[in-house]
Each structure stands twice: as C-alpha cells, then as structure tokens.
Amino acid sequence: MPFPATIVGALLSAGGAMLVHESALFTIPGLNLEVTLTNLLGFLAVVFATINVVGGFMVTHRMLEMFKRKD
Amino acid sequence: MVSDTFINLAYLVAASLFVVGLKGLAHPRTAVRGNLIGALGMLIAIVATLLKGNLSFELIISGFIVGALVGAILAIKIEMTAMPQLVALYNGFGGIASLLVAGAELLKEVGVNPDPSTQMMVATVASGIIGAVTFWGSLVAFAKLQGVVVPDQPVRYPGEQIVKIVLLGLSIGLGVLLVQNPSATEYYWYLSIFASVLGVLLVIAIGGADMPVVIALLNSYSGLAAAATGFVLNNNVLIISGSLVGASGIILTNIMCKAMNRSLANVLFGGFGAIQETAKADDVYGGKVKSTSAEEIAMLLETARRVVIVPGYGMAVAQAQHAVRDLFNLLESKGVTVEFAIHPVAGRMPGHMNVLLAEADIPYDKLIEMDDINPTMEQVDVAIVLGANDVVNPVARTDPNSPIAGMPIIDVDKAKTVIVIKRSLSPGFAGIPNPLFAADNTLMFFNDGKKAVQEIISAIKEA
C-alpha cells in the first residue's frame, strides 16, 4: 500500500473557534467584517486544514488510480 | 440550530466511514473505494460541524476556497517524482492547523472563562508542541527532499541531543506554567517557538534516505496533534480520526524501521555509525569490477528466461520509470518473464517505487515484495539493479560489524548474472562500499539510469 495514512485530521472543527469576543485587529470593508486575532487564527487554520484534507484525499486518489488494472 | 444528538450521530457515521475506508486502503483492489469512503466520512464530519452553528461563515467559506484550491492544484500539478515532498508538506499543514486551532480556542476560552478546565489546558499545550514539531519538521523534510535550503546529509554537531532535550524541557516547562496560569496566553506562543526549533533540529539531523521513516512518523504526529486538538474542542470525530492517523502512522513507521533492522531511536538520533572502520573501497573494488556495454546486456537479456529489475531512488532521480516500462514491454513481447523486486525502504517515501512504476503502467502484480522474491532469486537469469545500492548490499548478511548488518536485502547476488546500472562506484546512503559491484557474476554499466535503459532498448531492437 502506498499511503495508508493519508486520511489526515479532520481539523475543520477549527470553525468552532470563530466566535467574536474581542476587539478587531482590522475590518474588511467589502464584507463589513471585523477580524479579531481569534478568527484570524481560525481562518488560517481552516486554510491549512483544507489543504491537508483536500490535497491528501486527492493525491491519494491520484496515486491509487495508477494501480488500477489497465487492460 | 441542529440538536447535539444529531451532530453526534453524524460524527459517529463519519468515524465509522473512516474505519471502513482505512480498512479498504489496506488492499490495492479496494483502495480507491476505501479512499473515497474516507473522503465521504470527512465531508459528513465537515457538514455536521458547520450545522453546529455559531460560526463566522464568511471566514470559513473563504478559508475553504483558498485551502481547497491550493490543495487541489498541488495534488493535480505535482510531478509523480516529487510526491514524497508533497506528502511531507501536507503532514506539516495538518500540524500547523492543530497549533492554530488550539491557540484560537485558548484565546476565546480565557476571554469568557478565566478558569478553563485542566483537560483543555493540557490538550492545548500538547496541540501546540506536537503541532509545531510536525510543521517545522515537515518543512525541513520537504526542503531535504526538494533539495533546497538544507543539505540532504545529516547535520550533526557536538551535544546535539542535549540541545534537543533542553528545547523539549523548555516547551514542556512553559506548558506547565500555562496550565497553572491560563490567562498568560503568551506562554502558548513561546512554547510553540521552542517546539518549532525542536522540530527543525530533529529532522535536520536525519539523512535524506531515512525520509520514508520520517514522513511516516510526522504523519503519525499530525494525527496525534489533531487528536489533542479534539480534546481541546471536545470534538469526538477529531479525536477518533486523529487517533486513527496517529496509530496507522506509527505502525507504518515500525514496519519501515524493521525493514532496515534499525530501531526508531537509531533512525532519529543515531544515523548510520560513520565512525566504524569498514572495508576500504579500494580493497573491495580493486581490479575486480567488470564494466559492460548496452550491446552485451542486450545479448544477455535476449537469452534470459527470467529477469528481475530492482529499482531504487536512482530510478526516481533519473526519471527512468517510463524507459523501464518500454524495456519491460519489449522483453515481455519476446517471451521473457520480467518482474520488479521492491524493497520496503527503496526510495524516499513508503511505496515510492510502487507509485512510480504504476505511473508508468507496469501491472501491479509484477511488483514483487522482497520476502516473496528472495527465495526464487537463484532461478533468476539476469537481475538488473537500477539506482539501488544499500538495499542490495550483501555485506548486510555477511559482516556483523557493518552499519547495515542484519538489514534485510534483496538477494540479487544469487542471480546468475547481475547488471548494476549506476553512474559511478560512489557509495549509497550508508556510506560503505558494495562488494556486489565486484562480484564474479556482476557487470557494471556506468551510465545515467534513463539513458542506460534507452540504450539497452535500442541495442535489443538492432540485434
């Protein structure tokens, strides 16, 4: 088996950390969104976790597709 | 919003799908389905988490889009030969995500509750330390495999183990302070910095050829970090999936260490003992190495009935897998049986050779594992070693003082004729000469892996 362990962490519960309880670092005008340190960290976590999860499943799929019998 | 019972049921379904998917991945025939089942489980877990509510959707959705785009583009665009470093990178991103989630949760929690539970605080510290080590360790592994910034060789210096122990002690010490005093959130970032330095130093001391073990171990760490974060958030599906990854990663690590007859501690802290005085290259090779040509190899292959090809990292570097496929097809069309002997630690990630050969359309049942092919090596007419060295070095069987003593090898020396395709007589990762190159039944073809195979193909066609 090439990569039995690429089902990597379901880190997307990161979203749970995105409650606004503190003063904003800056605001995004278009969205009228106040960005605090907490939700900035949460946002970055979602980005990294999504790369890990989407990339992990896709790259595993790509590797496994090559093992299919080609007759 | 949706009730907790419904969410937890969804998590239970997701967790069951992870287990079923992982089981499917254990066999090539069910692996594609297994991976898709795992992905479905992930999707259910994500949707359930979103339904929990209280989320700032703008940020989540934009995070999803950015992450999914980057992850998908990397996964689609990457060259197959660059797969090990990509996998290292993904592990690292899992680690940093755990670190960030735990940090964000800590800030949020102390804002509303000055006295968080000890369980949460301990789990936060664990997420930070393991996440930071995973992230920076993976970045160094990536750099080593990509050949940028850090050297491929182990970077060693006096007292290195003490430095690492001190860094670990500092991280844990700060962690204890944070658990006792949760509102001092700056301790979390300090301990993450110390753990980051530790992650860099841990992996920088390990050589490029040991990266398969390191990648398996970092994969395990990324799972452990996720599980710790699960305890921070009290999120069951994260605890379960993190534990699954952590456990499967450590099992794989163990398999790879066994394949080298080395302990994990030796891989992580020892490296190959360069101090021992083993046989000098001149004594081993002096006047005994026979060099050959593509024409001679073509003649040998045409009269052979059974040929075994042993690929190594050199095949990946030379990008020779497609040329190898052409040689395979040509020989099979002439009625020669051709098989590939796969050593568990050949290449730079678990299954590296399998992936490359599969990319070149070599049928999976032609890849034979070491333990299955060794008993039949004596019936092999020609064994072709392509860019492998230490994994075919018979010294592992014969010299108990050798740094690779006891490591299981592919017994190519037992074949009737051995052809070694290699640029020079330079040693492999273990840094020792290989008496196989000077054996009576061995012919050396000094050439680039891809060019060598192409020249052999034309020689067979012209004959």
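These figures come from a predicted structure and were not determined experimentally.

Draft legend 1. Representation of the side chain of Ser 220 of chain B in the model. Residue and element names in this part refer to chain B. Inspection of the secondary structure puts Ser 220 in helix 8 (residues 211-233). Classification of Ser 220 as buried rests on a relative accessible area of 2%. Excluding anything up to four places from it in sequence, Ser 220 contacts Val 245, Gly 246, Gly 249 and Ile 250.

Draft legend 2. View of the packing of helix 5 (residues 118-146) of chain B against helix 8 of chain B. All names here are of chain B. Viewed as axis vectors pointing N to C, helix 5 and helix 8 meet at an angle of 155 degrees, and their least axial separation amounts to 8 Å. Relative to helix 8, the element helix 5 is oriented roughly antiparallel. In the packing of helix 5 onto helix 8, the handedness of the crossing is left-handed. For the contact of helix 5 with helix 8, a count of residues per class yields 16 nonpolar, nine polar and one charged.

Draft legend 3. Representation of the environment of Phe 445 of chain B within the structure. Residues and elements named next belong to chain B. On the secondary structure map, Phe 445 appears in strand 6 (residues 442-446). Given the relative accessible area of 6%, Phe 445 is considered buried. On a C-alpha basis, the gap between Phe 445 and Thr 292 in space is 5.3 Å, while along the polypeptide they are 153 residues apart.

Draft legend 4. Region of interest: the layout of surface pockets. Residues and elements named next belong to chain B. Of the volumes computed, that of the largest pocket is approximately 880 Å³. Around the largest pocket, the lining comprises 39 residues; the ones closest to its centre are Tyr 313, Gly 314, Arg 348, Gly 387 and Gly 428. If you list the elements that add at least two residues to the lining of the largest pocket, you get helix 13 (313-318) and strand 5 (417-422). Considering each element in turn, the lining of the largest pocket owes the most residues, five residues, to helix 13. Its residues placed into classes, the lining of the largest pocket shows 18 nonpolar, 13 polar and eight charged. Each of domain 2 (83-270) and domain 3 (281-462) accounts for three or more of the residues forming the lining of the largest pocket.

Draft legend 5. Region of the structure containing the sheet that holds strand 4 (residues 382-386) of chain B. Residues and elements named next belong to chain B. Pairing is parallel in the open sheet, where six strands are placed in the order 3-2-1-4-5-6. Both outer strands of the open sheet, strand 3 (367-369) and strand 6, are each paired with one neighbouring strand and no more. Each strand of the sheet is rotated relative to its neighbour by a mean of 25 degrees, with strand direction disregarded. Looking at chain direction, strand 5 and strand 6 are connected through five bridges and run parallel. Along strand 6, the bridge assignment pairs Val 418 with Thr 442. Its contacts with the sheet place helix 15 (residues 352-359) against strand 1 (306-311), strand 2 (337-342) and strand 3, and it is angled at close to 145 degrees to strand 2. Packing of helix 18 (residues 449-462) onto the sheet brings it into contact with strand 4, strand 5 and strand 6, and relative to strand 5 it is tilted by some 130 degrees.

Draft legend 6. Layout of the pattern of salt bridges. Residue and element names in this part refer to chain B. Enumeration over the complete set of coordinates arrives at 13 salt bridges over all chains. A salt bridge links Glu 302 to Lys 334, with the shortest nitrogen-to-oxygen separation between them at 3.7 Å. Within this pair, whereas Glu 302 is found in helix 12 (residues 294-303), its partner Lys 334 is found in the loop between helix 14 (321-333) and strand 2, the two being separated by 32 residues in sequence. Using a relative accessible area of 34% as the deciding quantity, one classes Glu 302 as partly exposed. Judged by its relative accessible area of 45%, Lys 334 is partly exposed. In this structure, Asp 413 and Arg 397 form a salt bridge, with 2.5 Å as the shortest nitrogen-oxygen distance. Here Arg 397 lies in helix 17 (residues 395-398) and Asp 413 lies in the loop between helix 17 and strand 5, a separation of 16 residues in the sequence. Judged by its relative accessible area of 39%, Arg 397 falls in the partly exposed class. Through salt bridges with shared partners, a single network forms among Arg 397, Asp 411, Asp 413 and Lys 414.

Analysis parameters
- Residues numbered from 1 in each chain as written.
- Chains lettered and ligands numbered in written order.
- Predicted model: local features only at pLDDT ≥ 70, side-chain atom pairs only at ≥ 80, totals over all residues.
- Heavy atoms only, no water.
- Helix = DSSP H or I, 4+ residues; strand = E, 2+ residues; numbered from the N terminus.
- Buried < 20%, exposed > 50% of the residue type's maximum accessible area, 1.4 Å probe, protein only.
- Contact = heavy atoms within 4.5 Å.
- Axes fitted to C-alpha atoms, helices over the stretch in contact; angles between N-to-C directions.
- Parallel < 35°, antiparallel > 145°, perpendicular 65-115°, else oblique.
- Left-handed = near helix turned anticlockwise from the far one by under 90°.
- Nonpolar A, V, L, I, M, F, W, Y, C, P; charged D, E, K, R; others polar.
- 1 Å grid on protein atoms, 1.4 Å probe; cavity = no way out; pocket = protein on both sides within 12 Å on 5 of 7 lines; lining within 4 Å.
- Points joined across faces, edges and corners; volume = space filled by probe spheres on them.
- Domains from an automatic or database assignment.
- Pairing = 2+ DSSP bridges.
- Salt bridge = Lys/Arg side-chain N within 4 Å of Asp/Glu carboxyl O.

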